[in-house]
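# Descriptive structure summary
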Amino acid sequence: DGGITQSPKYLFRKEGQNVTLSCEQNLNHDAMYWYRQDPGQGLRLIYYSQIVNDFQKGDIAEGYSVSREKKESFPLTVTSAQKNPTAFYLCASTLIITAMNTEAFFGQGTRLTVV
Amino acid sequence: KNQVEQSPQSLIILEGKNCTLQCNYTVSPFSNLRWYKQDTGRGPVSLTIMTFSENTKSNGRYTATLDADTKQSSLHITASQLSDSASYICVVSLRSNDYKLSFGAGTTVTVRA
């Protein structure tokens, strides 16, 4: 089955620690995205990537980093510089970034909690 | 200020009843509007996607309408089922930057037997 896989489903981070969230897709999609979801708010864009080895900051990139070494993979690192990392993180992908009716497919999410 | 406003924030309905969710947006120029269903602790799943030239689109018991002049959309759920309990998110994209999706905060629907 094609789709987007995020792992782990739950992640706990200690103060001052970096953690990496995995996102893999086998849909052959060009563009991949990371969003953060907080209670009562809409999804906010952290980073996105249109092609391999290229990515751009979204609206709330501070304290996060990404890489796109392979088309299928777009891992997100939450660094110690992110002061309020507890949230639900969603990865998404689209076939062509500028197509009008491009459908966005989402992973199942990773819930990150600071302990 | 969020460019996509949804109402109500939450609602409770009895199984078998209908309900309508509202979405007002200020995103311009507008490309398309999407409705997603998100179960608790899961990723959103697409229900409908409409361009600015479309007025209505259905997906089973879900019917979305769009009025691009007033910048309003609605999602109507017919004959609700317990499995409809979820958050419903309205998403609007700009015409020139499809990657720039503006998300509403969602409406939480609870269906009770």
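Our subject is the structure listed above.
Structure report, in brief. (Residues numbered from 1 in each chain as written. Chains lettered and ligands numbered in written order. Predicted model: local features only at pLDDT ≥ 70, side-chain atom pairs only at ≥ 80, totals over all residues. Heavy atoms only, no water.)

### Here we look at the overall build of chain A
Scanning chain A from N- to C-terminus turns up zero helices and eleven strands. Going residue by residue from the N terminus, the α and β elements of chain A occur as β-β-β-β-β-β-β-β-β-β-β. A compact globule built from 115 residues would reach a C-alpha radius of gyration of about 13 Å, and chain A, at 13 Å, matches this within 12%. In terms of overall dimensions, chain A has C-alpha extents of about 40 × 25 × 25 Å along its principal axes. Counting over 115 residues, chain A shows a buried share of 47%. Intrachain contacts of chain A at a sequence separation of at least 6 include 54% that bridge at least 24 residues. As presented, chain A carries roughly 5600 Å² of accessible surface, and 50% of it is formed by carbon and sulfur atoms. Counting 11 positive and 11 negative side-chain charges, chain A places the averaged centre of each group 8 Å from the other. (Helix = DSSP H or I, 4+ residues; strand = E, 2+ residues; numbered from the N terminus. Rg over C-alpha atoms; globule rule 2.2 N^0.38 Å. Buried < 20%, exposed > 50% of the residue type's maximum accessible area, 1.4 Å probe, protein only. Contact = heavy atoms within 4.5 Å. Areas by Shrake-Rupley, 256 points an atom, 1.4 Å probe, with all protein chains shown as cover. Lys, Arg positive; Asp, Glu negative; His and termini not counted. Charge placed at Lys NZ, Arg CZ, Asp CG, Glu CD.)

### Thoughts on the nonpolar core
One finds L21(B), Y25(B), L33(B), W35(B), L75(B), Y88(B) and V92(B) to be the most contacted residues of the largest nonpolar core, which totals 24 residues. Among the secondary structure elements, those contributing two or more residues to this core are β2 (10-14), β3 (19-25), β4 (30-38), β5 (45-51), β7 (62-67), β8 (72-77), β9 (86-94) and β11 (107-112) of chain B. Listed in part, the 20 residues of the second largest apolar core include I4(A), C23(A), V78(A) and C91(A). (Core = buried A, V, L, I, M, F, W, Y, C linked by side-chain atoms within 4.5 Å.)

### A short note on the pairing of β11(B)
All names here are of chain B. Side-chain alternation along β11 places T107, V109 and V111 on a buried face and T108, T110 and R112 on a face that remains uncovered. Alignment of β2 against β11, held across five bridges, turns out to be parallel. What sits directly across from L14, in β11, is R112. (Pairing = 2+ DSSP bridges.)

### Structural notes on the pattern of salt bridges
Within this structure, the stated rule accounts for five salt bridges over all chains. The closest approach of N and O atoms between R44(A) and D38(A), which form a salt bridge, is 2.8 Å. With a relative accessible area of 29%, R44(A) lands in the partly exposed category. Among the ionic pairs, K57(B) bridges to E54(B), the shortest N-O distance being 3.1 Å. Its relative accessible area of 27% is what places K57(B) among the partly exposed residues. Three or more residues joined by partner-sharing salt bridges are found here, namely R36(A), D38(A) and R44(A). (Salt bridge = Lys/Arg side-chain N within 4 Å of Asp/Glu carboxyl O.)

### Considerations on the interface of chain B and chain A
The interface of chain B with chain A comprises 21 residues on the first partner and 23 residues on the second. Taken together, the two surfaces of chain B and chain A that pack against each other cover about 1900 Å², and 52% of this comes from carbon and sulfur. On inspection of chain B and its partner chain A, the count reaches zero salt bridges. Our count for the chain B to chain A interface comes out at four residue pairs in polar contact (both at pLDDT 80 or more). (Buried area = accessible area lost by both parts, 1.4 Å probe. Polar contact = N/O pair within 3.5 Å; in protein donor to acceptor, adjacent residues only side chain to side chain.)

### A few points about the state of the cysteines
A covalent bond between the sulfur atoms of two cysteines is what we call a disulfide. All names here are of chain B. Going through the model one piece at a time under the given rule, you end up with two disulfides over all chains. Here C23 engages in a disulfide with C90; their sulfurs sit 2.0 Å apart. Given an S-S torsion of about -70°, the disulfide between C23 and C90 has left-handed geometry. With C23 in strand β3 and C90 in strand β9, this residue pair connects regions lying 67 residues apart in the sequence. Note on C90: relative accessible area 0%, which makes it buried. (Disulfide = S-S within 2.5 Å.)

### Re the sheet that holds strand β3 (residues 19-25) of chain A
All names here are of chain A. Spatial ordering of the open sheet is given by β1-β3-β8-β7, a layout of four strands whose pairing is antiparallel. Each edge of the open sheet carries a strand with a single partner, namely β1 (4-7) and β7 (64-66). Along the sheet, successive strands turn relative to each other by an average axial angle of 20°, direction set aside. (Axes fitted to C-alpha atoms, helices over the stretch in contact; angles between N-to-C directions.)

### So, the environment of F105(A)
Residue and element names in this part refer to chain A. Along the chain, F105 turns up in strand β10 (residues 104-106). By relative accessible area, F105 is classed as partly exposed at 40%. For F105 and S93, which are twelve residues apart along the polypeptide, the C-alpha to C-alpha distance reads 5.5 Å. With residues near it in sequence (within four places) discarded, F105 still touches I4, L27, H29, C91, A92 and S93.

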